Amino acid sequence: MAIVSLVAGETITAGSAVYVTSSGVARAAQADGADIQLASVAGVAQDTVLQGESFRCNVDSVAVINNAGFTPGQALFLHPSIGGQISDFATFASGVEAITGGGLYLVRVGTALTEDRLAVELKRPIFVNNTTSIILMETASGLIVDAILDEDGFRIDTEGAL
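Calculation notes
- Along each chain, residues carry numbers from 1 onward, in the same order as the chain's sequence is written.
- In view of the model being predicted, local features appear only for residues whose pLDDT reaches at least 70, and side-chain atom pairs are presented and counted only at 80 or more, with totals across whole chains, interfaces and linings using the full set of residues.
- Water and hydrogen atoms play no part in the side-chain values, which are based on all heavy atoms of the structure.
- Strands are labelled as partners when DSSP assigns at least two bridges between them.
- Secondary structure elements follow DSSP: runs of H or I of four or more residues count as helices, runs of E of two or more count as strands, with numbering from the N terminus.
- All axes are obtained by fitting lines to C-alpha atoms, using only the stretch in contact for helices, and the reported angles, taken between N-to-C directions, cover 0 to 180 degrees.
- In what follows, a contact means two residues having at least one pair of non-hydrogen atoms within 4.5 Å.

Trainee: Give a detailed account of the pairing of strand E2 (residues 17–20), specifying residues and quantitative values.
Mentor: Summarising the sheet, E2 and strand E4 (residues 43–45) pair through two bridges and their orientation is antiparallel. Residue pairing across strands places Ala17 opposite Val44, the latter belonging to E4. Of the pairings in the sheet, the one linking E2 to strand E3 (residues 26–28) comprises three bridges and is antiparallel in character. Along E3, the bridge assignment pairs Val20 with Ala26. What sits between E2 and E3 in their antiparallel hairpin is a turn of five residues, with Gly24 showing a positive phi close to 90°.

Trainee: Tell me about the sheet that holds strand E8 (residues 86–88), and name the residues and values.
Mentor: Taking strand neighbours across the sheet as the criterion, the five strands line up as E6-E11-E10-E7-E8 in an open arrangement whose pairing is antiparallel. In this open sheet, the two edge strands, each paired with only one partner strand, are strand E6 (62–64) and E8. The sheet shows a mean angle of 40° between the axes of neighbouring strands, taken without regard to direction. Summarising the sheet, strand E7 (residues 75–78) and strand E10 (residues 108–112) pair through three bridges and their orientation is antiparallel. Within E10, the position partnered with Phe77 by the bridge is Arg108. Sitting on the sheet, helix H2 (residues 89–98) touches E7 and E8, and the angle it makes with E8 is about 95°.

Functional significance is not addressed by these values, which are geometric in nature.
Encoded structure:
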C-alpha cells in the first residue's frame, strides 16, 4: 500500500481526490479546465483534516471511501464540477454538456472494487472541449479542405492557409 503524508492547503475530506500546489500543499483536485495543475490528481485523501494539518494520501493502492455507492468494476473519474469528488463516466459526460465555455479535464482516478473501495489508478488529465467548440466542415475534396463553418454557420476561408 503506497501512502504518502501531505499537508492540507484547505479543508480536505476523506475520499477526496487531491493535487499538490506549487507551494507544496494539497487541495481538492478540479476538472473544470481552468488549469491542468488543478486536475493533476496526486492521490485520494484517507483522512478528513483542516488547513495546515497533515493527512495520509493513497497514491496507488486500495482506498476505502465510506458510503461512496460505487458500482464494482466501473471506471471512476474526477467529478466535472465538484472539487475532489470522484464519480462515474456518465456523471463526467453530463458535466461536459453543462459547461458553457472552455472544457474539462478527464482524469481517471481508478476502478471501483466494491461499493466503498477504489483501486487507485491515477492517469494523466486529458482535456475535453465542450460541444459548442466543435466546427463543421462544409466541403472537402481529398485532403484539401475548401472551407470550415464555425458553430454559428459563418464560413471561415481556408484559402492560402497552407
